[in-house]
Amino acid sequence: MKRYNTALTIAGSDPSGGAGLQADLKTFSALGVYGTSAVVAVVDENTCGVYDVHAVPDKIVAGQIRSVLSDIGADAVKIGMLHSSSLIRTVLSTLKEYPSVKNIVLDPVMVATSGDPLLQQEAIATLRDELMPYCRVITPNLPEASILLGTQLNAQSQLEEAARALSELCHDSKVSVMLKAGHLENENIIDIFYNAETGKILRLESKKVNTPNTHGTGCTLSSAIAASLAKGMDLDNAVANAKKYINSAISAGAEYSIGKGHGPVFHFFGLW
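Novice: Teacher, can you tell me more about the overall build of the protein here?
Specialist: Of regular secondary structure, the protein possesses eight helices and nine strands. Computed over the C-alpha atoms, the radius of gyration of the protein is 17 Å, within 12% of the 19 Å expected from 2.2 N^0.38 for a compact globule of 272 residues. Each principal axis of the C-alpha distribution contributes one length, and for the protein these read about 45 × 40 × 40 Å. Here the protein, with 272 residues, has 53% of them falling under the buried criterion. Restricting the contact set of the protein to residue pairs at least 6 apart, pairs at least 24 apart contribute 68%.

See below:
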C-alpha cells in the first residue's frame, strides 16, 4: 500500500479561510501532503479583523492531538496560535508523548495581520522558554522577534544577529530560525534563515509585492516549511521551497479581491 506524507496543524480556526488551520490545510494539500488538524480555538474573524476568540478546552485539544498521532501519525507538525500558557503547556506535554515526531515548526503568532492581539501577555514567556526549545524551526516576523528578544528590530542589518540570538534563547536545543523581513519598508525582502544544525545563514530574497492580500502569509509559510519537511527535504531546501511557494501565492493572490480588508494569498495557484 502507498503511504501519504502527513502533517498535523495545531492552530485556531479562521472562518474567512485565509489564515489559521484553514490556510495550513490548504498549504499542505497544495504541496502534496495529507493534512490533519487539532483545533485550539474558534476565532471570530474576517479579512478586516478579529472580533472574538472562543477557546477549545485544553483537554479536547490534547485529545485531538493524541487521536491523530496515535492513529495516523505525522511526518511534521505545524503549531500556530496558542493563546494561553495553559494551552502551550498542554500542547507541549502531549507532543512529548510522541517522541518520534521531530519536525515541529512553530509560528509564534502574537498579532494578527489586522493588528489584533492573539496571545495573552503572560503567555509570551511560556512560549519562549518552554515550547520554543522543543521545536525544530520557528518562524517569527519582526514584531514577534522584537517581543521575544526584548529589543526593537527595524533594519535589515540587525536580522542575522537577531536570528542567531533567537536560536540562543533555546540554549542547546538547536532550534533553527526563519526570520521574516516583510515588515521592513524595502523594495526587496531578504528573509534570514539561521540553520542551527549547521550554524549557517541562508539569505532568501524576493521582490515585495504591492498588495493588501497578506492575510495568512505567516501561517502559510510555516505550513509550507512543515509540508516540505514532511516530504523528507533537508532544512535549507525545505525553507527555500516554502519561500518560493509563499512568494508565488502572494503574487497570484494579488490579482484577486476577496473581502474588504486584507485578502488571502492564492494557495492553489499551481492547480487552478
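Novice: Looking at this structure, how should I read a nonpolar patch on the surface?
Specialist: On the surface, a nonpolar cluster with roughly 330 Å² of combined accessible area is contributed by Y4, Y34 and I72. Within the secondary structure, Y34 is located in strand β2 (residues 34-45).

Novice: Whenever I open this one, unusual backbone geometry confuses me. Can you help?
Specialist: Across residues other than glycine, the phi torsion is negative in most instances, and most of the peptide bonds are trans. A positive phi angle, near 60°, is found at H171, a position not held by glycine. Relative to the helices and strands, H171 is located in the loop between α6 (159-168) and β7 (176-179). H171 sits in the exposed class, given a relative accessible area of 64%.

Novice: In this structure, what is going on with the packing of aromatic side chains? I would like to understand it.
Specialist: Using the criterion set out here, one finds five aromatic pairs in the structure. Ring geometry for Y245 against F269: centres 5.5 Å apart, planes inclined by 40°, an arrangement best described as tilted. Taken together, the positions of Y245 in helix α8 (residues 235-253) and F269 in the segment after α8 put the pair 24 residues apart, joining distant regions of the chain. Using a relative accessible area of 5% as the deciding quantity, one classes Y245 as buried.

Novice: What exactly am I supposed to notice about the pattern of salt bridges here?
Specialist: Side chains bearing opposite charge may pair, as long as their charged atoms lie close to each other. Enumeration over the complete set of coordinates arrives at nine salt bridges. The partner of D24 in a salt bridge is K78, with the nearest N and O atoms 2.9 Å apart. In this pair, D24 sits in helix α1 (residues 20-30) while K78 sits in strand β4 (residues 76-79), placing the two residues 54 residues apart along the sequence. Relative accessible area serves as the criterion here: at 0%, D24 is assigned to the buried category. For D107, the salt bridge identified is with K180, shortest N-O distance 3.7 Å.

Novice: What am I meant to see in α6 here?
Specialist: For an α-helix the count is 3.6 residues per turn, leaving residues at separations of three or four pointing the same way. Every buried residue belonging to α6 is among L159, A162, A163, L166 and S167, and all of these are buried. End-on, the buried residues of α6 take up no more than an arc of 140°, which puts them together on one face. Set apart from the buried face of α6 by more than 90 degrees, the exposed residues are E161 and E168. Elements in contact with the buried residues of α6: β6 (137-138), α5 (142-149), β7 and β8 (188-195).

Novice: Explanation requested: the layout of surface pockets in the structure shown.
Specialist: Over the atoms rolls a probe the size of a water molecule, and its path tells where empty space is left. Approximately 230 Å³ is the volume attributed to the second largest pocket. I258, P264, V265, F266 and W272 are the residues nearest the centre of the second largest pocket, which is lined by 14 residues in total. For the lining of the second largest pocket, the per-class residue count stands at seven nonpolar, six polar and one charged.

Novice: Is there a simple way to explain the pairing of strand β1 (residues 6-13) in this structure?
Specialist: Across a regular strand the side chains alternate sides, sitting on one face of the sheet and then on the other. Here β1 lies mainly inside the structure; eight of its eight residues are buried. Examined bridge by bridge, β1 and β2 share eight bridges and lie parallel to one another. Looking at the pairing, I10 lines up with A38 of β2.

Novice: Honestly, the packing of helix α7 (residues 217-230) against α8 in this entry has me stumped. Any pointers?
Specialist: In a packed pair of helices, the relevant descriptors are the angle between the two axes and the axis-to-axis distance. Between α7 and α8, the shortest axis-to-axis distance is 8 Å and the interhelical angle comes to 140°. By the angle between their directions, the pair α7 and α8 is classed as oblique. For the pair α7 and α8, the crossing hand works out as right-handed. Contacts from T217, T220, L221, A224, I225, S228 and L229 in α7 reach L235, A238, V239, N241, A242, K243, Y245, I246 and I250 in α8.

Novice: So what exactly am I meant to see when it comes to the pairing of β7 here?
Specialist: With burial as the criterion, each face of β7 is covered, one bearing S176 and M178 and the other bearing V177 and L179. Both β7 and β8 contribute to a ladder of three bridges, which runs antiparallel. Looking at the pairing, V177 lines up with Y194 of β8.

Scoring rules and cut-offs
- Residues numbered from 1 in each chain as written.
- Predicted model: local features only at pLDDT ≥ 70, side-chain atom pairs only at ≥ 80, totals over all residues.
- Heavy atoms only, no water.
- Helix = DSSP H or I, 4+ residues; strand = E, 2+ residues; numbered from the N terminus.
- Rg over C-alpha atoms; globule rule 2.2 N^0.38 Å.
- Buried < 20%, exposed > 50% of the residue type's maximum accessible area, 1.4 Å probe, protein only.
- Contact = heavy atoms within 4.5 Å.
- Patch = residues over 30% accessible without salt bridge, like charges linked within 9 Å, V, L, I, M, F, W, Y side chains within 5 Å.
- Areas by Shrake-Rupley, 256 points an atom, 1.4 Å probe, with all protein chains shown as cover.
- Salt bridge = Lys/Arg side-chain N within 4 Å of Asp/Glu carboxyl O.
- Phe/Tyr/Trp six-rings, centres within 6.5 Å; stacked < 30°, edge-to-face > 60°.
- Arc of directions from axis to C-beta.
- 1 Å grid on protein atoms, 1.4 Å probe; cavity = no way out; pocket = protein on both sides within 12 Å on 5 of 7 lines; lining within 4 Å.
- Points joined across faces, edges and corners; volume = space filled by probe spheres on them.
- Nonpolar A, V, L, I, M, F, W, Y, C, P; charged D, E, K, R; others polar.
- Pairing = 2+ DSSP bridges.
- Axes fitted to C-alpha atoms, helices over the stretch in contact; angles between N-to-C directions.
- Parallel < 35°, antiparallel > 145°, perpendicular 65-115°, else oblique.
- Left-handed = near helix turned anticlockwise from the far one by under 90°.

Note that all results are geometric; they support no functional claim without further evidence.
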